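What the coordinates show
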Amino acid sequence: MNTNTQHDLTEDSVSTEDSVSETITIEGMSCGHCVGAVRRELVALDGVEVEGVAVGEARIRRDPTRADREAVEGAIEDAGFTPRG
């Protein structure tokens, strides 16, 4: 069992004071596999907290000093989908 999990989650969490909440529309998603692929890519980004992913959208909280919008859109594209606004 990894005893550092709680500490790591705390260090990586996004500060609520400076964070930006965003809902991103995503084209091309159609199933749970799509949702999982987008979630995995977004969770891997430093400075991004995933609030929810559903077919066609992702809700995130982002620390703009650690993750810019381009990084988020690139992660969605890496998952194989197209971000729209």
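Presented here is an overview of the structure given in this document. (Residues numbered from 1 in each chain as written. Predicted model: local features only at pLDDT ≥ 70, side-chain atom pairs only at ≥ 80, totals over all residues. Heavy atoms only, no water.)

We now examine the environment of A67. Counting through the fold element by element, A67 comes out in the loop between β3 (57–62) and α3 (69–78). Overall, A67 belongs to the buried group, its relative accessible area being 3%. With 19 residues separating them in the primary sequence, A67 and V48 have C-alpha atoms 6.7 Å apart. Once residues lying within four places of it in the same chain are set aside, the contact partners of A67 are D46, G47, V48 and R62. (Helix = DSSP H or I, 4+ residues; strand = E, 2+ residues; numbered from the N terminus. Buried < 20%, exposed > 50% of the residue type's maximum accessible area, 1.4 Å probe, protein only. Contact = heavy atoms within 4.5 Å.)

With that settled, the discussion passes to the packing of helix α2 (residues 32–43) against α3. Packing of α2 against α3 brings their axes to within 8 Å, and their N-to-C directions diverge by 140°. The pairing of α2 with α3 is recorded here as oblique in orientation. Relative to α3, the crossing made by α2 is right-handed. Facing V38, E41 and L42 of α2, the residues of α3 in contact are V72, A75, I76 and D78. (Axes fitted to C-alpha atoms, helices over the stretch in contact; angles between N-to-C directions. Parallel < 35°, antiparallel > 145°, perpendicular 65-115°, else oblique. Left-handed = near helix turned anticlockwise from the far one by under 90°.)

In this structure the tally under the stated criterion is zero disulfides. Free of any disulfide, C31 has its nearest neighbouring cysteine sulfur in C34, separated by 3.6 Å. Here C31 falls in the partly exposed class, since its relative accessible area comes to 29%. (Disulfide = S-S within 2.5 Å.)

Now for α2. The end-to-end C-alpha distance of α2, which contains twelve residues, comes to 16 Å, matching closely the 16 Å that a straight helix rising 1.5 Å per residue would cover. Within α2, burial applies to C34, V35, G36, A37, V38 and L42. Along its buried surface, α2 packs onto β1 (20–27), β2 (48–54), β3 and α3. (Expected span 1.5 Å × (residues − 1).)

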